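Tertiary structure, described
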Amino acid sequence: MSCVPYVRSLGIVNGKNVTPIQYSTKGCWRNEIAGHVRKKEIDGKLNGVLRPVFTKHREPGPYCCNIGISERLFIGAEEVTGGMRISSSVFTISHTPFLFSKQHKLRCCSSFGIAFDIDGVILRGRVPVGGSPQALARLFDHFGALKIPFLFLTNGGGIPETRRASELSELLQVNILPLQVVQGHSPFKNLLTEFENELIIVTGKGEPAAVMSEYGFKRVLSMDEYSSYFKDIDPVSQYKAWMPKDVVSRNSSSTPKYNVFSERVKAAFVASDPVDWGRDIQVLCDVLRSGGLPGQVNGLQPSLYFAADDLEYQASFSSKRLGIGAFRMALECIFNRIHTDALEYTIYGKPNPFVFKNAEKILYEILLSHCVHNLKPNDVPGSHCFKTLYMIGDNPAVDIHGAKQAGDPWFSILTRTGVFRGEENNHPEFPADLVVDTVEDAVDYIFKRECLLLS
């Protein structure tokens, strides 16, 4: 979109021309002061319209812009004649004349947002890739305040969003809010009304029981704990030297937290990649075909939920690793061979379109509550307010396919730092709107496309 400035000279201050440049994009106004201003403190009335006050204070305002190289000054613009709301702003005023060019045109940040996948785009294991720290830093102003709404949309998980946000902040050296972390199992919290007080079990790497408890589920057991109460339910547990000794030896000798020997499990959740596939498939088959009570005759299958369905993903190892989708396929294949009825389950996570619709709502919330540069759109609550939402991912079948299914306003960008490594211009089955080498290249493209200052 072309950003055409409306320019009006307001007059002369101390013999120097001062020109505010107002950019109108989607009904949002931005205001900058351009000119050759040497005096740091000015209190002059410009043509009876604005009264700008320049001081040395570094007070944050709704907009931040670099104009040349000099000291930062606070500009407070007071409306005198009415008709337009002028917001306080922080700018760098150049000691040399500055001319705006097409490359420096600005656009209201509320017209777009960004969703980043994590594994293979931002990190490989715990190591940043593709210039991700530098790319993310550009989404904040010089005071560390968020200026462009973004979030992480990942099928990964295993730890609460609060802790994941803290880890990402440390690894990427930017401030990440829990609201900005949407994991595969995040939608599980929507099932709270149905299972809040029911006995449920959950499996996956990390601390899946802690995740579910943080969501508000009152009676949740991890697969480790649940299986330990049933002696010999895992016939090869004694050979698993890598398992904690207290879990291996607990069996039925300790008193269960809940009456697991008579109370049926109402739902099973796979929150992340399971660690012990053999045990988990065995116990889940026992629970699901018995109606929620291992060792009993066949009964009505409890609900089964998967946080995602990624067949493969990119971790620290050079080649792709089997994901939660591979586990689902193994469980389903075995269950359907040993049980008369086919396995029933619900899958969350990308590429389901509802995940992207939910991300759009969260980005809107981030825009209104945390983006210091936002000007609230005139749209009614819940209406579409973003012109473009960018999905930056490495997995064509998950990230790109999901964005395509979600439709407008999603724009898909595929990187070559993860699952997709192809030298071809695009993926043949799930082509992206744009293919780049790294996430830093993706952010470069977005800034240029949105007419934002490159910084």
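Our structure's up above, just so we're on the same page.
The following refers to the structure shown. Values in this document were obtained by computation on a predicted structure and should not be read as measured data. (Residues numbered from 1 in each chain as written. Predicted model: local features only at pLDDT ≥ 70, side-chain atom pairs only at ≥ 80, totals over all residues. Heavy atoms only, no water.)

**Here's the deal with the overall build of the chain**
As a reminder of what qualifies: Numbering goes from the N terminus for both helices and strands, where a helix is a DSSP run of H or I of at least four residues and a strand is a run of E of at least two. Accessible area is worked out with a 1.4 Å probe on protein chains only. A residue is then buried under 20% of its type maximum, exposed over 50%, and partly exposed in between. By definition, residues are in contact when any of their heavy atoms lie within 4.5 Å. Per-residue and other accessible areas were derived by the Shrake-Rupley procedure at a 1.4 Å probe size, with only the shown protein chains allowed to occlude residues.
Scanning the chain from N- to C-terminus turns up 11 helices and 23 strands. Buried residues in the chain amount to 55% of all 455 residues. Within the chain, contacts between residues at least 6 apart in sequence are counted, and of these 65% link residues at least 24 apart. As displayed, the chain has an accessible area near 20,500 Å², and 52% of this comes from carbon and sulfur atoms.

**What to know about the sheet that holds strand S23 (residues 434–435)**
Our working rule: A pair of strands is treated as paired once DSSP finds two or more bridges between them. As a rule, the C-alpha atoms of each element are fitted with a line to give its axis, helices using only the stretch in contact, and angles between N-to-C directions run from 0 to 180 degrees.
Strand order in the open sheet formed by 6 strands is S13-S12-S9-S21-S22-S23, with parallel pairing between adjacent strands. Looking along the sheet, the strands with just one partner apiece sit at the ends: strand S13 (181–182) and S23. Here helix H10 (residues 396–406) sits on the sheet in contact with strand S21 (388–393) and strand S22 (410–414), set at roughly 160 degrees to S22. With respect to the sheet, helix H11 (residues 439–449) is in contact with strand S9 (112–116), S21, S22 and S23, its orientation differing from that of S21 by roughly 165 degrees.

**Considering the packing of aromatic side chains**
Spelled out, the test is: What counts as a ring pair is set by centres within 6.5 Å for rings of Phe, Tyr and Trp (its six-membered ring), and what kind of pair is set by the plane angle: stacked under 30 degrees, edge-to-face over 60, tilted for all other angles.
Tallying each qualifying case throughout the model produces 20 aromatic pairs. Taking the centre distance of 6.1 Å and the plane angle of 40 degrees together, the rings of Phe-116 and Phe-152 count as tilted. With Phe-116 in strand S9 and Phe-152 in strand S12 (residues 150–153), the pair connects residues that are 36 residues apart, well separated along the chain. Owing to a relative accessible area of 0%, Phe-116 belongs among the buried residues under this scheme. For the pair Phe-269 and Tyr-305, a centre-to-centre distance of 5.1 Å together with 20 degrees between the ring planes defines the contact as stacked. Pair noted here: Phe-269 is in strand S16 (residues 267–270) and Tyr-305 is in strand S17 (residues 303–306), with a separation of 36 residues, a long-range link.

**Brief notes about the nonpolar core**
What counts is decided by this rule: We call a set of buried Ala, Val, Leu, Ile, Met, Phe, Trp, Tyr and Cys residues a nonpolar core when their side-chain atoms join them within 4.5 Å.
With 53 residues, the main nonpolar core has Ile-114, Phe-116, Phe-150 and Phe-152 as its most contacted residues. The greatest single-element share of this core, amounting to 8 residues, is contributed by helix H9 (residues 353–370). Setting aside residues up to four positions removed in sequence, Phe-150 forms contacts with Ile-114, Phe-116, Leu-136, Leu-139, Phe-140, Ile-176, Gln-180, Leu-363 and Ile-366. In terms of nonpolar packing, the next biggest core, distinct from the first, is built from 45 residues, Phe-217, Val-220, Tyr-305 and Tyr-348 among them.

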